[in-house]
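Understanding the architecture of this molecule
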Amino acid sequence: MSADSTRHAGQLRVFFDATRLIARTDATPTGIDRVDLAYVRALGAHPGFDLRLCKFDVFGPKLLHARQSTSLIEDTSRRWQSAQAGPSPTAKALKQWLNSAPGSSVEGWSGDRRKRIRRPGPSPGVAWKRSRDAVLSRRLVGELHGPQSLYLNTSHGRLFRKSVARWLKKSSMPGVFFIHDLIPIQFPEFNRVTEPARHAARLLTVSRYARCVIVNSEATCKTLLEYFRDQRLRVPRIEVASLGVERRFVASPDRRYGTEGGKSVPYFVVLGTIEPRKNHGLLLEVWRRLVEALGAEAPRLLILGRRGWHNQSTFEQLDALGALQRHVVECPNLSDQELADVMNGARALLCPSFAEGFSLPVVEALASRTPVIASDIAAHREVTQGFAELLDPVRVEDWASRICQYAEYHSAARAARVEQLATYRAPTWQAHFDQVLPLLGLAAAKT
């Protein structure tokens, strides 16, 4: 990132909307968070771009100073991806449990398990203080005139706010937007009551001001095109660019959990926010049946992700696991490295979602040579490329049967899938940016 306010000859100045990135304090990033961070790191390191981070409030955008931007990127990378010098107490306890005898409980995790396994992190106030010296929006608007500037939003962010649309109109700034999915509009029952209207407002702004829209899959592209046409909105250029996988998710036998004594502890992972569309309830029902049938020998389930919204029934089940408490663990805040380590030793990643735009955890699991059992939906059919088991997301019996097969120590079904995964080639961020960065230049230059 440029240390001063002078743009080098030929550089494209990119005003990146970091509103969401600044506010995020979770130790475990979501898929959208990963995209935000990947973009600011790539643009900040590229000599052809002069990256400026801005944030929006009700009055419009504010510009972060260069030193604040650098600090934000470095601190966020460290917190999400490298975490700390060694494993967290949570990760240590988790590994000990996965190497323990069948039927063992997690030491120190009794009682209110959510509180005991949460990784401490900075408060939201700390994140916002990083930008307390930001300049006012009127000064930012003054910098925007000229053919070599661009507004970039990769997180949906505050696009539903009228202040964003007003500023884009006033500044005549060319915009590039990343649309991750249309789930709030397609499946309003899975979202907060306000989200469908907010997402419609985001897409209206995108339709009006986008020079280019980037989407993560052909499935998202198809849905977006249909929406623009159904609503009789302007259709900007849309480019499909697959999300990349961080190197830490590539398979490494030295990092596997649950391998002491030469025999893997059978455990499965589900990764993502605990929200209705992720269908955690199906897995809890599967595990009830497994524990009833197998007792202490039942495999274990790691629920990796924080609690979301409109999912009270699932939350109540997690708070009262009963006989499942020695087999199911809810763990919301592992670092990226710890997530990769846990995923690397799992019998499979489970993803019974009803709806996805891309499903980054599925691709990360495939990259780590971890088998995937996922719901048979358009996004999963596209991104798994035939490398995963795809099942009906409502057929509990099918999921229970396949999980039992994969849990067996000498599972022929799992062994065949692992052998197939040796030929899988994960998408990379390098390939993503090789495709996307030239588009930014074209969008800025277009008149």
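Here we summarise the structure given alongside this text. Since we're looking at a predicted model, the values are computed, not measured. (Residues numbered from 1 in each chain as written. Predicted model: local features only at pLDDT ≥ 70, side-chain atom pairs only at ≥ 80, totals over all residues. Heavy atoms only, no water.)

1. A closer look at helix α10 (residues 195-209)
Residues that lie three or four places apart on an α-helix share one face, since the helix turns once every 3.6 residues. Across its 15 residues, α10 extends 21 Å between first and last C-alpha, which sits within 8% of the 21 Å expected from 1.5 Å per residue. Of the residues making up α10, those classed as buried are E195, H199, R202, L203, T205, V206, S207 and Y209. Elements that come into contact with the buried residues of α10 comprise α8 (162-171), β5 (175-179), α9 (183-186), β6 (210-215) and α11 (218-230). (Helix = DSSP H or I, 4+ residues; strand = E, 2+ residues; numbered from the N terminus. Expected span 1.5 Å × (residues − 1). Buried < 20%, exposed > 50% of the residue type's maximum accessible area, 1.4 Å probe, protein only. Contact = heavy atoms within 4.5 Å.)

2. Some points on the packing of helix α12 (residues 280-294) against helix α13 (residues 312-319)
Packed helix pairs are characterised by how far apart their axes lie and by the angle those axes make with each other. Look at α12 against α13: their axes get within 10 Å of each other, and the N-to-C directions meet at 35°. Relative to α13, α12 is oriented so that their crossing is left-handed. Judged by residue contacts, H280, G281, L284 and R288 of α12 engage T314, Q317 and L318 from α13. Residue composition of the contact of α12 with α13, grouped by class: 2 nonpolar, 4 polar and 1 charged. (Axes fitted to C-alpha atoms, helices over the stretch in contact; angles between N-to-C directions. Left-handed = near helix turned anticlockwise from the far one by under 90°. Nonpolar A, V, L, I, M, F, W, Y, C, P; charged D, E, K, R; others polar.)

3. Some thoughts on the pairing of strand β11 (residues 348-351)
What you see with β11 is no split at all: A348 and L350 on one side and L349 and C351 on the other are buried throughout. By the bridge criterion, 2 bridges tie strand β8 (residues 267-271) to β11 in an arrangement that is parallel. Within the sheet, the bridge partner assigned to F268 lies in β11 and is A348. Sheet topology note: the β11/strand β12 (residues 372-375) ladder contains 3 bridges and is parallel. Paired with L350 across the bridge in β12 is I373. Tracing the backbone out of β11, into helix α15 (residues 360-367) and back to the parallel element β12 gives a crossover that is right-handed. (Pairing = 2+ DSSP bridges. Right-handed = clockwise from strand over helix to strand, strands pointing away.)

4. Overview of helix α14 (residues 336-344)
Burial within α14 is extensive, with 8 of its 9 residues counted as buried. Here α14 has its buried residues at D336, E338, L339, A340, D341, V342, M343 and N344.

5. So, the sheet that holds strand β13 (residues 389-391)
The strands that make up a sheet pair up through hydrogen bonds in the backbone, lying either parallel or antiparallel. Taken in spatial order, the 6 strands make up an open sheet running β10-β9-β8-β11-β12-β13, and their pairing is parallel. Edge strands, defined here as strands with exactly one partner in the open sheet, are β10 (328-331) and β13. Geometrically, the sheet is characterised by an average inter-axis angle of 20° between neighbouring strands, direction not taken into account. Pairing geometry for β8 and strand β9 (residues 300-304), over 5 bridges, is parallel. If you follow Y267 over to β9, its bridge partner there is R300. Across the sheet, α12 touches β8, β9, β10 and β11, and the angle it forms with β9 is around 160°. In the packing of α15 onto the sheet, the strands contacted are β8, β11 and β12, and the crossing angle to β11 comes to about 165°.

6. Section: the nonpolar core
In terms of nonpolar packing, the biggest core is built from 71 residues, with Y39, L53, L302, L304 and L440 touching the most fellow members. Element by element, the count of residues in this core is highest for helix α19 (residues 429-445), at 8 residues. With near-sequence residues (within four places) excluded, L440 lies in contact with L12, L43, F49, L150, L152 and V176. Core analysis: the second largest hydrophobic core is formed by 28 residues, F268, L283, L324 and A400 among them. (Core = buried A, V, L, I, M, F, W, Y, C linked by side-chain atoms within 4.5 Å.)

7. What about the environment of V58?
Within the secondary structure layout, V58 lies in the loop between β2 (49-57) and β3 (60-63). Note: C-alpha distance between V58 and R161 (103 residues apart in sequence) is 7.6 Å. Not counting chain neighbours up to four residues away, the residues in contact with V58 comprise S163 and R166.

8. Side note on the packing of aromatic side chains
Applying the stated criterion across every chain yields a total of 12 aromatic pairs. Measuring from centroid to centroid gives 5.6 Å for F190 and F354, while their planes differ by 15°, and the two rings are stacked. With a gap of 164 residues between them, F190 in the loop between α9 and α10 and F354 in the loop between β11 and α15 connect regions that are remote in the sequence. Given the relative accessible area of 28%, F354 is considered partly exposed. Ring plane angle 25° and centroid distance 5.6 Å describe the contact between W429 and F433, whose orientation is recorded as stacked. Placement of the pair is W429 and F433 together in helix α19, with a separation of 4 residues, close to one helical turn. Of the two residues examined, W429 and F433, each falls in the buried class. (Phe/Tyr/Trp six-rings, centres within 6.5 Å; stacked < 30°, edge-to-face > 60°.)

9. Things to note about the pattern of salt bridges
Opposite charge on two side chains permits them to pair, given that their charged atoms come into close proximity. On inspection of all chains with the given rule, the structure shows 19 salt bridges. R237 serves as the salt-bridge partner of E239, at 2.9 Å between the closest nitrogen and oxygen. Notably, a salt bridge pairs E389 with R402, separated by 3.7 Å at the nearest N-O pair. Of the two residues, E389 sits in strand β13 while R402 sits in helix α17 (residues 396-407), which places them 13 residues apart along the sequence. With a relative accessible area of 22%, R402 lands in the partly exposed category. A network of salt bridges, in which partner residues are shared, links E275, R277, K278 and E356. (Salt bridge = Lys/Arg side-chain N within 4 Å of Asp/Glu carboxyl O.)

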